Amino acid sequence: MSQNQKGTPDQPTPPGDDGTRATPAGPQPEPIRFYGTTWVDHTDGYALRRAGTAVGSLALAVAACLVLRFAYEGIQLADSGSFVSLLMIVMFAVCSALAFRHTWDTFTKRADPDRQSSLRGFLAVGFVGALLAYFFRSLIEAPGEKLRRAEYEEARRRHEKRSTRRTGNPSKKRRRS
């Protein structure tokens with residue numbers, strides 16, 4: 001993605017008279033990681049990006065599971081006991097379930113920053129769940145697209161409502177008695 005002089009990503013706008021890109025009036029769509037603003041009109045390889053993020057997140061989840069298996073085998077070789085092995089399995093399962101649910105919820109509503117910071121440890125341990133949530137959401141849409149589309153359309157609607165001009169002279173407006 002190219003950058004303009006201000007360091008922000010270029011928006012798909014027609015060039016101006018002087019050959020530079022004109023900034024469109026109204027709100028701009030918020031870019032999504034790996035997609036930029038292609039989610040708005042599904043152009044510039046949107047389908048390929050969705051397939052790539054789905055395959056990539058699934059491959060990372062599988063690789064993470066292999067790493068976790070090696071860690072489990074290491075604990076088994078250390079002969080630390082069945083309680084520690086069970087504790088490790090339960091910890092990763094619970095943290096992955098929490099991470100999956102939290103990540104899935106952030107695709108449909110904005111995350112509370114305080115809650116996000118308090119769950120940071122669970123999300124780090126349960127990274128497999130977050131990757132799986134990203135994979136499943138990529139099969140449906142760009143992760144977060146539905147939320148950003150609703151926000152963008154609402155912002156466009158509010159902008160259109162504000163920018164419509166009243167016709168006629170308001171001083172000649174008929175007054176009710």
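Source: prediction; values computed, not measured.

Asker: How should I be thinking about the overall build of the protein chain in this particular structure?
Answerer: A count of helical and extended segments in the protein chain gives six helices and zero strands. Listing every helix and strand of the protein chain by position from the N terminus yields α-α-α-α-α-α. The long-range fraction of contacts in the protein chain, counting pairs at least 24 apart against all pairs at least 6 apart in sequence, stands at 65%. Approximately 12700 Å² of the protein chain is accessible, and the part contributed by carbon and sulfur atoms is 60%.

Asker: Is there a simple way to think about the packing of helix 1 (residues 46-77) against helix 2 (residues 82-106) in this case?
Answerer: In a pair of packed helices, the angle between the axes and the distance between the axes together describe the arrangement. Running from N to C, helix 1 and helix 2 cross one another at 160°; their axes reach a closest spacing of 10 Å. Between helix 1 and helix 2, the angle falls in the class roughly antiparallel. In the crossing of helix 1 with helix 2, the sense of the turn from one axis to the other is right-handed. Counting all contacts with helix 1, which are made through Leu68, Ala71, Tyr72, Ile75 and Gln76, the residues of helix 2 involved are Val84, Ser85, Met88, Ile89 and Phe92.

Asker: Explain the nonpolar core to me, please; I cannot follow it from the model alone.
Answerer: The nonpolar side chains of soluble globular proteins are, as a tendency, buried together. Counting nine residues, the largest nonpolar core consists of Ile32, Tyr35, Trp39, Tyr46, Phe107, Ala133, Tyr134, Ala142 and Tyr152. Leave out the neighbours within four places in its chain, and Tyr134 touches Arg33, Phe34, Tyr35, Thr53, Ser57, Phe107 and Pro143.

Asker: Could you clarify how one ought to interpret the pattern of salt bridges in this entry?
Answerer: Side-chain pairs of opposite charge can arise whenever the charged atoms involved come near each other. Within the structure shown, the criterion is met by ten salt bridges. The partner of Glu151 in a salt bridge is Arg110, with the nearest N and O atoms 2.7 Å apart. Here the residue Glu151 occupies a position in helix 6 (residues 145-163), and Arg110 occupies one in the loop between helix 2 and helix 3 (113-118), the gap between them amounting to 41 residues. Residue Glu151 is classed as partly exposed on the basis of its relative accessible area, which comes to 31%. Between Arg157 and Glu154 there is a salt bridge whose closest N-O contact spans 2.5 Å. Taken together, the residues Arg157 and Glu154, both in helix 6 and three residues apart, mark about one turn of the helix. Its relative accessible area of 43% is what places Arg157 among the partly exposed residues. When salt bridges with common partners are traced through the structure, they connect Glu30, Arg110, Arg148 and Glu151 into a single cluster.

Asker: Before we go on, may I ask you to explain the confidence of the model for the protein chain in this structure?
Answerer: In low-pLDDT regions, the fine details of the predicted coordinates are not to be read closely. Chain-level pLDDT for the protein chain is 84 on average; 79% of the residues reach the 70-or-more range. Mean pLDDT across the elements of the protein chain ranges from a minimum in helix 3, with 89, to a maximum in helix 5 (residues 127-140), with 95. Scored below 50 in pLDDT, residues 1-17 makes 22 contacts in the model with residues more than four places away or belonging to other chains.

Asker: Explain the packing of helix 2 against helix 5 here, please?
Answerer: Across the interface, helix 2 lies against helix 5 with an axial gap of 7 Å and an inter-helix angle of 35°. Our pair here, helix 2 against helix 5, has a crossing hand that is right-handed. Each of Ser96, Ala99, Phe100, Thr103 and Trp104 in helix 2 lies in contact with helix 5, whose residues at this interface are Val128, Gly129, Ala130, Leu132, Ala133, Phe136, Arg137 and Ile140. Within the contact of helix 2 with helix 5, the residues separate by chemical class into nine nonpolar, three polar and one charged.

Thresholds applied
- Here, residues in each chain are numbered from 1, in the same order as that chain's written sequence.
- Owing to the predicted nature of the model, reporting of local features is limited to residues with pLDDT of at least 70; listing and counting of side-chain atom pairs is limited to 80 or more, with chain, interface and lining totals taken over all residues.
- Neither water nor hydrogens contribute to the side-chain values; these are computed over all heavy atoms in the structure.
- The helix count covers DSSP runs of H or I at least four residues long, the strand count covers runs of E at least two residues long, and both are numbered beginning at the N terminus.
- We call two residues in contact when some of their heavy atoms are within 4.5 Å.
- Using the Shrake-Rupley algorithm and a 1.4 Å probe, accessible areas are obtained, with residue cover drawn only from the displayed protein chains.
- The convention used is that axes are lines fitted to C-alpha atoms, helices contributing only their stretch in contact, and that angles between N-to-C directions extend from 0 to 180 degrees.
- In these notes the angle categories are as follows: under 35 degrees is roughly parallel, over 145 is roughly antiparallel, 65 to 115 is roughly perpendicular, and the rest is oblique.
- Crossing handedness is defined as follows: a turn of the near helix away from the far one that is anticlockwise and smaller than a right angle gives a left-handed crossing, while the clockwise case is right-handed.
- Buried residues of nine kinds, namely Ala, Val, Leu, Ile, Met, Phe, Trp, Tyr and Cys, make up a nonpolar core once their side-chain atoms join them within 4.5 Å.
- Exposure categories follow from relative accessible area, calculated using a 1.4 Å probe and restricted to protein chains: below 20% of the type maximum is buried, above 50% is exposed, and the middle band is partly exposed.
- One side-chain nitrogen of Lys or Arg within 4 Å of one carboxyl oxygen of Asp or Glu is enough to make a salt bridge.
- For every residue, the predictor states its confidence as a pLDDT score lying anywhere from 0 to 100.
- Three classes are used, and their members are as follows: Ala, Val, Leu, Ile, Met, Phe, Trp, Tyr, Cys and Pro are nonpolar, Asp, Glu, Lys and Arg are charged, and the others, Gly among them, are polar.

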